Amino acid sequence: MDQADSRSPRPGPPPGPEDPTGRAAPQRRPGGDHALRRRGVLADLREGGLALREVCDADVYLLRAANFHGVLTETVCPVCRKENLTEVSWVFGDDLGTASGSARGQDEIEQLALTHDEFTVHVVEVCRSCSWNHLIKSYEVGLAPGEGKRVRRAVRELRRRG
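Cut-off values and rules
In this numbering scheme, every chain counts its residues from 1 along its sequence in written order. In keeping with the predicted nature of the model, local features appear solely for residues at pLDDT of at least 70, side-chain atom pairs appear and are counted solely at 80 or more, and the whole-chain, interface and lining totals rest on all residues. The basis for every side-chain value is the complete set of non-hydrogen atoms in the structure, without hydrogens or water. The helix count covers DSSP runs of H or I at least four residues long, the strand count covers runs of E at least two residues long, and both are numbered beginning at the N terminus. Whether a residue is buried, partly exposed or exposed follows from its accessible area with a 1.4 Å probe, protein chains only, as a fraction of its type maximum: under 20%, in between, or over 50%, in that order. Pairs of N or O atoms are called polar contacts if they sit within 3.5 Å, as long as, within protein, a hydrogen donor faces a hydrogen acceptor (for residues adjacent in sequence, only side-chain-to-side-chain pairs). A pair is scored as a salt bridge if a Lys or Arg side-chain nitrogen falls within 4 Å of a carboxyl oxygen belonging to Asp or Glu. Here the expected span of a helix is defined as 1.5 Å times the quantity of residues minus one. When we speak of the arc, we mean the arc of directions from the helix axis to the C-beta atoms. Here, two residues are considered to be in contact whenever any of their heavy atoms come within 4.5 Å of each other. One number per residue, pLDDT, summarises how confident the predictor is, and it ranges from 0 to 100. Pairs of cysteine sulfur atoms within 2.5 Å are what we label disulfides.

### Looking at the environment of Glu108
Working step 1: On the secondary structure map, Glu108 appears in helix H5 (residues 106-115).
Working step 2: With relative accessibility at 32%, the residue Glu108 sits in the partly exposed group.
Working step 3: At a separation of 2.8 Å, a polar atom in the side chain of Glu108 contacts the main-chain amide nitrogen of Gly105.

Put into structure tokens, the structure is as follows:
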């Protein structure tokens, strides 16, 4: 038996994001996949059923969010083919307060999921060259209804004592 086999696993919680109370991050719950709709929009564009200005209409906030919060993908823009698409995640939920309706990075979403009731994340792909944009997926994360406030209160109490 070699030395690597005789080692015991490292003590402590499994790796991954955790909240201050020591619990693992909540898992994603599947939402909608919008690939079929995307293919339809692109087909309509190719066939002349949609004008370029109708599909390349990203507003300034989406383009700014792509620069600051976006994740560059390996997918080339299906409209202009000039650059790779950027994915931007937007969060929406009653328990999020002023954070609802904002673009967030994946780390921020994981932290929000540890301390807030269930909320929806919409992932939008955007081309920063031609302004193509399309909702590509949605999913839900967060705590069970009513748990977010209790967890945030417990965290405040831990910080006050610590």
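### Some details on the pattern of salt bridges
Pairing between side chains of opposite charge can happen when the charged atoms of each approach one another.
Working step 1: Across all of its chains, the model carries 7 salt bridges by this definition.
Working step 2: As a salt-bridge pair, Arg152 and Asp95 come within 2.9 Å of each other at their nearest N and O atoms. Pair noted here: Arg152 is in helix H6 (residues 147-161) and Asp95 is in the loop between strand S3 (84-92) and strand S4 (102-104), with a separation of 57 residues, a long-range link.
Working step 3: Residue class for Arg152 comes out partly exposed when judged on its relative accessible area of 22%.
Working step 4: On the accessibility criterion, Asp95 (21% relative accessible area) is partly exposed.

### So, H6
The periodicity of an α-helix, 3.6 residues per turn, causes residues three or four positions apart to be oriented the same way.
Working step 1: Between its first and last C-alpha atoms H6 spans 21 Å; for 15 residues at 1.5 Å apiece the expected length is 21 Å, and the two agree.
Working step 2: Here H6 has its buried residues at Gly148, Val151 and Val155. End-on view of H6: buried residues confined to an arc of 65 degrees, all on one side of the axis. Within H6, the exposed residues directed more than 90 degrees away from the buried face are Lys149, Arg160 and Arg161.
Working step 3: Residues of H6 that are buried in the fold lie against H5.

### Quick notes on the confidence of the model for the protein chain
Working step 1: On average, the protein chain scores 85 in pLDDT, and the residues at 70 or more come to 80%.
Working step 2: Model confidence for the protein chain, summarised as mean pLDDT per element, is weakest for helix H1 (residues 3-6) at 42 and strongest for S3 at 98.
Working step 3: Counting contacts from residues 1-17, a segment whose pLDDT is below 50, to residues more than four positions away or on other chains yields 6 contacts.

### Digging into the state of the cysteines
Working step 1: Across all of its chains, the model carries 0 disulfides by this definition.
Working step 2: Free cysteine: Cys80, not disulfide-bonded; nearest cysteine sulfur from Cys127 at 3.6 Å.
Working step 3: Here Cys80 falls in the partly exposed class, since its relative accessible area comes to 22%.
Working step 4: For Cys127, a relative accessible area of 0% gives the class buried.

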